[in-house]
Amino acid sequence: MTTSTASRKPSRKTARSTSAPVAADRESDDAVPARTPNDSVPVDARIAAEDPDRLRGLFRDMLFVRRFEERTAQSYQQAKIGGYCHLNLGEEATVVGLGAAMRPTDYLFTNYREHGYALAKGIEPGRVMAELYGRATGTSKGWGGSMHMYDTVTRMLGGYAIVGGQVPLAVGAALAIDYRGEDDVVVCQMGEGTTNIGAFHESLNIAALWRLPVVFLVINNQTGMGTTVERSSAEPDLWKRAAAYRMRGERVDGTDVLAVRDVAGELIETARREKKPALLEAVSHRLKGHSVVDPAKYRTEDAVSIARSNDPIVRWREALLAAGVLDDRSVAELEAEVTAAVAAAVEFADASPHPEPSSLFDYNYATPVAGDSRRLPADPLFTT
């Protein structure tokens, strides 16, 4: 994808104009400031304005992602999960807040840290765990593993192992929605490191130029693998990168589930209604290393302490306890419910069959291809 092809957008009878007035009516967006955590309405006031059952549901969903990921780490250490494995620990408020902001028919593209997003999008926990276990009942028939969750029913379209590989594809999906005149929105999640690759800038440029219904969500956990954002990005305020494309940019506290839900929801609905893309930076803390096997020795004791003090599960639980939405008994009941549900997902994965070797090539092509080789490594080159 290059900017030189921008004038070649496929046309349809109801296509919107991409002439100069489009840029002019975006100019007011450039002045919108980022919503930093300190700018938000106090949490207790927002809790008082919400339905208690909804608040408890958000806590339950966040807790489920946490316990699911903790059990995933345990299964990895037991050698039940192979390959690379990246967890959403510390990101639960962003995961659940985004899920609450999206319609079921909206599309989600993610990077490889996506188990929680798959759950939030509505994929059955057993199928997610089965994919981690490499079983045939998994979301990708057991062939994808941790980094390749995919489900067309819930419109969770990956899971991409290549850094930024999902970004151009998400823009393509938004183009398809626009071309067909539909009102769905694409959300494209990525890590902060993705904002430094060429495809990120090319994709934002095309999305803004063609006014596509896509929201780019940057998860800034402040440590891309082992390097801080300040040491890898000349502009560490990542939301500001939207200004280069006259696109709305926002920053939100990624440990505040209500803030994420509300800001993401506003940007998603604007993209749906006005076909204006946006960039949202959610700031949180990664509670563990980059992957399950990363001991994170590059992090200082102060950095670890700050991350733990900003644990979104603890913060949300304490806020709900203080507001009287939860009490010790209800917390214990939710813990028991979540623990049982995670155990059921593990049991389902354990009992599921491994994929047959003969199915290895089943999804190489969407339709049959002449001369398609299905030779396995141990098979002879020629038969007599």
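Residues numbered from 1 in each chain as written. Predicted model: local features only at pLDDT ≥ 70, side-chain atom pairs only at ≥ 80, totals over all residues. Heavy atoms only, no water.

### Points about the layout of surface pockets
To find the voids left in a structure, one rolls a probe of water-molecule size over its atoms. Of the volumes computed, that of the largest pocket is approximately 450 Å³. Lining of the largest pocket is provided by 21 residues; of these, Leu89, Leu287, Lys288, Gly289 and Arg308 occupy positions nearest its centre. Listed by contribution, the elements that provide at least two residues to the lining of the largest pocket are α3 (52-77) and α11 (301-309). Examining the composition of the lining of the largest pocket, we find that four residues originate from one element, α3, more than from any other. Its residues assigned to classes, the lining of the largest pocket comprises eight nonpolar, four polar and nine charged. One number sums up the size of the second largest pocket: a volume of about 380 Å³. Looking at the lining of the second largest pocket residue by residue, the class counts come to five nonpolar, 10 polar and three charged. (1 Å grid on protein atoms, 1.4 Å probe; cavity = no way out; pocket = protein on both sides within 12 Å on 5 of 7 lines; lining within 4 Å. Points joined across faces, edges and corners; volume = space filled by probe spheres on them. Helix = DSSP H or I, 4+ residues; strand = E, 2+ residues; numbered from the N terminus. Nonpolar A, V, L, I, M, F, W, Y, C, P; charged D, E, K, R; others polar.)

### Digging into the pattern of salt bridges
This model, assessed by the stated rule, comprises 31 salt bridges. A salt bridge links Glu50 to Arg54; the nearest nitrogen and oxygen atoms lie 3.6 Å apart. Given the relative accessible area of 17%, Glu50 is considered buried. A salt bridge links Arg317 to Glu318; the shortest N-O distance between them is 3.5 Å. (Salt bridge = Lys/Arg side-chain N within 4 Å of Asp/Glu carboxyl O. Buried < 20%, exposed > 50% of the residue type's maximum accessible area, 1.4 Å probe, protein only.)

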